Amino acid sequence: MTVPKKKLNDGTEIPMLGFGTWQIEGEKCTEAVKTAIEVGYRHIDTAFAYYNESFVGPGLKDISRDELFVTTKLWREFHDPKRVEEACDRSLKDLGIDHLDLYLIHWPERKNSFPEMVHEMHKLKEKGKIRSVGLCNSTIHHIQDLYNQKLEIAVNQIEFHPFLVQSELLKFCLTHNIAVTAYSPLARGEALNNELLKEIGQKYGKSPGQVTLKWLMQKDIIVIPKSSSEPHMRENFEIFDFKLTEEEILKVDGLNENKRLIVPDFQEFDY
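Now for a quick tour of the structure. (Residues numbered from 1 in each chain as written. Predicted model: local features only at pLDDT ≥ 70, side-chain atom pairs only at ≥ 80, totals over all residues. Heavy atoms only, no water.)

Considering the sheet that holds strand β8 (residues 155-159)
Thinking step 1. One open sheet accounts for 8 strands, arranged β3-β4-β5-β6-β7-β8-β9-β10; its pairing is parallel. Both outer strands of the open sheet, β3 (19-20) and β10 (221-223), are each paired with one neighbouring strand and no more.
Thinking step 2. Direction of pairing for strand β9 (residues 179-183) relative to β10: parallel, over a ladder of 3 bridges. Among the inter-strand pairings, Ala182 is bridged to a residue of β10, identified as Val223.
Thinking step 3. Against the sheet, helix α6 (residues 167-175) makes contact with β8, β9 and β10, and its axis sits at roughly 170° relative to β8, the strand it touches most. (Pairing = 2+ DSSP bridges. Helix = DSSP H or I, 4+ residues; strand = E, 2+ residues; numbered from the N terminus. Contact = heavy atoms within 4.5 Å. Axes fitted to C-alpha atoms, helices over the stretch in contact; angles between N-to-C directions.)

See the structure below:
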């Protein structure tokens, strides 16, 4: 099964389905990445703050680098323009690769030279160390701050699932040709127990999780579900043989509760 790709505003192509590695650590992470690649995943998402880059790296060794799309993230520890390249180099070393396909600021913080760090990331792009620049957990105002300084991003990775439907932010990003990636797309498992998603799934012979991932993808959102179980990896991968109706998409939209699951004390969601 070939995963569809989305062309980013800088010309890079990103697989619409990726493998998330949050909370998978140690040798278990290495084996999970290897298994995901065997299943067919080619987009691998990690972060410095997941403390697993050095374990993701060995899992990438059995496949040609040009077949992979690797994403990692700049952590708050390096929120200083002078340390951006240092952070990138450290991630590259731990991952055992010579470039990143996508480098994201994990949590934007306006007090810490946020636009200046994006500027430094673009310099890394010019050096060939990264292919695309993006953000995580960013609001419309964060992105507008960058635009005011003539800085562009290709991706905004945000929490997005049936219980947190960020329609306004999604519309803004897609209107400005910024791709959106959904993390925690299954709402940390909550989506698997929802009666509406179960009902829709029964119609197609699919699980609530598969319905959720398909719903996101039909909204033009990239998804990065994580799993250390091969059956679940395969299940998440088998979402390309059915299509939800517009009515079903609207019904799932209606599950929204504006319910955030990830709310650290340094977030700036109210900006």
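Side note on the pattern of salt bridges
Thinking step 1. The final tally for this structure, using the stated rule, is 21 salt bridges.
Thinking step 2. Close ionic contact of Arg42 with Glu67 constitutes a salt bridge, the shortest N to O distance being 3.8 Å. Here Arg42 is found in the loop between α1 (26-39) and β4 (43-45), whereas its partner Glu67 is found in the loop between α2 (53-59) and β5 (69-74), with 25 residues between them in sequence.
Thinking step 3. Using a relative accessible area of 27% as the deciding quantity, one classes Arg42 as partly exposed. (Salt bridge = Lys/Arg side-chain N within 4 Å of Asp/Glu carboxyl O. Buried < 20%, exposed > 50% of the residue type's maximum accessible area, 1.4 Å probe, protein only.)

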